[in-house]
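Residues per chain are reported as follows:
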Amino acid sequence: MSTVPFVIAVHGGAGTISPEQANEAPYHEGLQAALRAGAAVLEAGGSALDAVQAAVQSLEDCPLFNAGCGAVYTADATHEMDASVMDGSNLKAGAVAGVHGVRNPVALARAVMDHTNHVLLVGEGAVRLAQEQGVPMADAAYFHSEERLAQLQRVRAQGAGVMALDHSAKTLTEKPTPIREDGKHGTVGAVALDQHGNVAAAVSTGGLTNKRPGRVGDSPIVGAGIYANNATCAIACTGTGEHFLRACVGHDIHARMAYKGESLEQAGEAVVHGLLKDIGGSGGLVSVDAKGHVHMPFNSVGMYRGVMRQGEAPQSFIFR
Ligand code: ASP
């Protein structure tokens, strides 16, 4: 059976580095370690699904990114994490929302896909599945971070709350207040094309700093923050989740390719710089199509991102 060259792309969120994090090197290291973790799976002939999970787990284990051990705090100073996986070869998906104490939420999303008849589990029911399936848990100390707590206090002190997202705009062109950069960087995601020609995507996040408990963003919602279909592409988003939900970003890119015949790049540009931006959404995405094209558009100042092709070294970028 003939094989195709694999490729994997990751993102580490669409915020930009704040002054106290001026050293970019650790972010590049984190992104490239994730690319290598995913590429190792692909190199061995593994599936795109296993590769994106491995890459996202690597990012969840890195405290610099807003997922897993680096998850941001809610308004109650707790952690509520969301994650998802989707397999483009069969449109299977698994997702969790509002989970706490789970070391790698993306592994739990995978367990939802593999071990239940459901797509999305939330809160305690999702945590119970983790316990039943032996998905590793971690104590509160593992998720605690002085820096993240200080970030919460800064956002609180600034008064408006993270949801400086303003939904009061009455027309598509009236610009709502964008979310503060301080509240939203580091969500992680990955997309891959494996040697068998299958695509997959995975996303994991702590959400938004100071979010209202119970709030769920786009990351675990199939068709919004994630999508994968061998017929078109795989997509993993990051940014102001409410806007990504309202614009159905993942599925819109797929649909433009499927029904309008647009290329990955045309579809991604149209959505990220069109509808998403028009309703005030800030962020971007990584995407790969079944031919191995990679597109990583964003309308924010920067987006932590990287790509690695078979036989090549990993490459990572932050700004344009
Ligand atoms: N999209 C994520 C959310 O809204 C946050 C992010 O990507 O930064 O939960």
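Keep in mind the model is a prediction, meaning the values are calculated, not measured. (Residues numbered from 1 in each chain as written. Predicted model: local features only at pLDDT ≥ 70, side-chain atom pairs only at ≥ 80, totals over all residues. Heavy atoms only, no water.)

Within the UniProt annotation, "active site" (unreviewed entry) is assigned to Thr187. Within the secondary structure, threonine 187 sits in the loop between helix H6 (146–157) and strand S5 (188–193). A residue is classified by how much of its surface remains accessible, and threonine 187, at 9% relative accessible area, is buried. Not counting the four nearest positions on each side in its chain, threonine 187 is found in contact with His11, Gly12, Gly13, Asn66, Val203, Ser204, Thr205, Ser219, Cys237 and Thr238. (UniProt positions renumbered as here; feature names shortened; annotations may be inferred. Helix = DSSP H or I, 4+ residues; strand = E, 2+ residues; numbered from the N terminus. Buried < 20%, exposed > 50% of the residue type's maximum accessible area, 1.4 Å probe, protein only. Contact = heavy atoms within 4.5 Å.)

Listed in full, the buried residues belonging to helix H4 (residues 123–133) are Gly123, Ala126, Val127, Leu129 and Ala130. For H4, the buried positions fall inside an angular range of 150° around the axis, keeping them on one side. Of the exposed residues in H4, the ones pointing more than 90 degrees away from its buried face are Glu124, Arg128, Gln131 and Glu132. Its buried side turned inward, H4 meets strand S3 (92–99), helix H3 (105–115) and strand S4 (120–122). Positive backbone phi, approximately 70°, marks glycine 134, located one or two places after H4. (Arc of directions from axis to C-beta.)

Let us now look at the packing of helix H2 (residues 48–60) against H3. Where H2 meets H3, the axes come as close as 8 Å, and the angle between the chain directions of the two elements is 150°. As judged from the angle between their axes, H2 and H3 are roughly antiparallel. Between H2 and H3, the residues in contact are Leu49, Asp50, Gln53, Val56, Gln57 and Glu60 and Pro105, Val106, Ala107, Arg110 and Met113, respectively. A breakdown of the residues in the contact of H2 with H3 according to their chemical character gives six nonpolar, two polar and three charged. (Axes fitted to C-alpha atoms, helices over the stretch in contact; angles between N-to-C directions. Parallel < 35°, antiparallel > 145°, perpendicular 65-115°, else oblique. Nonpolar A, V, L, I, M, F, W, Y, C, P; charged D, E, K, R; others polar.)

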